[in-house]
Amino acid sequence: EHGNEFIKNLAIQTKCHTSMPCVPTNLAAAGEGPRTNGQASKDVLLPSDNTAASFWITNPENTIYSVKRLMGRKHSSPEVKNAANRLSYKLAEGANGDAHVIIRGKSYSPAEVSAMILQKMKQTAEDYLGEKVTDAVITVPAYFDDSQRQATKDAGKIAGLNVLRIINEPTAAS
């Protein structure tokens, strides 16, 4: 079918969102660490059935959301300082000076958190297509600067994807 060919050719097209969308964009840590629905407690819990969203009510300091606001930003930047005042989870400075999130005492870069989400999306696409997905086109907000785009590309690489292109959301929508 035409739809499957599009998915095969472009692999995964994921969209960064600013609010709670149908595409998973937040995660929660439970038990020993982050996890995925139906998987061992070492991965990430994604809100495909609103479990991460529900988890936020009882454990907000271990529920990560709005991580795209931290992508490619230094911990000392005004944007991160402003975000830190609104987020329920802890932030820390990574070894390279970038903003990191703390989940159950462990530091993760925004690219690592995004990679967990991309891995889940990759698995969903593979389950649907019945074949391996290796390439991705990822959309980002048009205002993303070079460091934010590079962090997004890094997330794809961490997730085991060959990122073919990073394109602006408005371009993808047209």
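Quick caveat, the model's predicted, so the values are computed rather than measured.

Caption draft 1: Fine view of the packing of helix H4 (residues 110-129) against helix H5 (residues 146-158). Between H4 and H5, whose axes approach to 8 Å, the crossing angle comes to 50 degrees. Between H4 and H5, the angle is such that the two are oblique. In this structure, H4 crosses over H5, and the sense of that crossing is right-handed. When H4 is examined against H5, the residues Ala-111, Glu-112, Ser-114, Ala-115, Leu-118 and Gln-119 are found in contact with a partner set consisting of Ala-151, Asp-154, Ala-155, Gly-156 and Ile-158. In terms of residue class, the contact of H4 with H5 is built from 6 nonpolar, 3 polar and 2 charged.

Caption draft 2: A look at H5. Here H5 is 13 residues long and its end C-alpha atoms lie 18 Å apart, about the 18 Å a rise of 1.5 Å per residue gives. Along H5, the positions that sit buried rather than exposed are Gln-148, Arg-149, Ala-151, Thr-152, Ala-155 and Gly-156. Down the axis of H5, the buried side of the element spans an arc of 160 degrees, and every buried residue falls inside it. In H5, the exposed positions angled more than 90 degrees off the buried face are occupied by Asp-146 and Lys-157. Tucked inside the fold, the buried residues of H5 contact H4, strand E8 (135-140) and strand E9 (162-168).

Caption draft 3: Just the packing of aromatic side chains, in detail. Applying the stated rule across the entire model yields 2 aromatic pairs. Centre to centre, the rings of Tyr-65 and Tyr-89 are 5.3 Å apart; their planes meet at 85 degrees, and the pair counts as edge-to-face. One end of the pair, Tyr-65, is in the loop between strand E4 (63-64) and helix H3 (78-84); the other, Tyr-89, is in the loop between H3 and strand E5 (90-93), and 24 residues separate them in sequence. The class for Tyr-65 is partly exposed, based on a relative accessible area of 22%. A relative accessible area of 4% means that Tyr-89 is categorised as buried. On the numbers, 5.7 Å between centres and 70 degrees between planes, the contact of Tyr-143 with Phe-144 is edge-to-face.

Caption draft 4: Up close: the pairing of E8. A large share of E8 lies buried, amounting to 5 of its 6 residues. Note that E8 and E9 share 6 bridges and pair parallel. In the strand pairing of E9, Val-140 is matched with Asn-168. With H5 bridging E8 and its parallel neighbour E9, the resulting β-α-β unit is right-handed.

Criteria and cut-off values
- Residues numbered from 1 in each chain as written.
- Predicted model: local features only at pLDDT ≥ 70, side-chain atom pairs only at ≥ 80, totals over all residues.
- Heavy atoms only, no water.
- Axes fitted to C-alpha atoms, helices over the stretch in contact; angles between N-to-C directions.
- Helix = DSSP H or I, 4+ residues; strand = E, 2+ residues; numbered from the N terminus.
- Parallel < 35°, antiparallel > 145°, perpendicular 65-115°, else oblique.
- Left-handed = near helix turned anticlockwise from the far one by under 90°.
- Contact = heavy atoms within 4.5 Å.
- Nonpolar A, V, L, I, M, F, W, Y, C, P; charged D, E, K, R; others polar.
- Expected span 1.5 Å × (residues − 1).
- Buried < 20%, exposed > 50% of the residue type's maximum accessible area, 1.4 Å probe, protein only.
- Arc of directions from axis to C-beta.
- Phe/Tyr/Trp six-rings, centres within 6.5 Å; stacked < 30°, edge-to-face > 60°.
- Pairing = 2+ DSSP bridges.
- Right-handed = clockwise from strand over helix to strand, strands pointing away.

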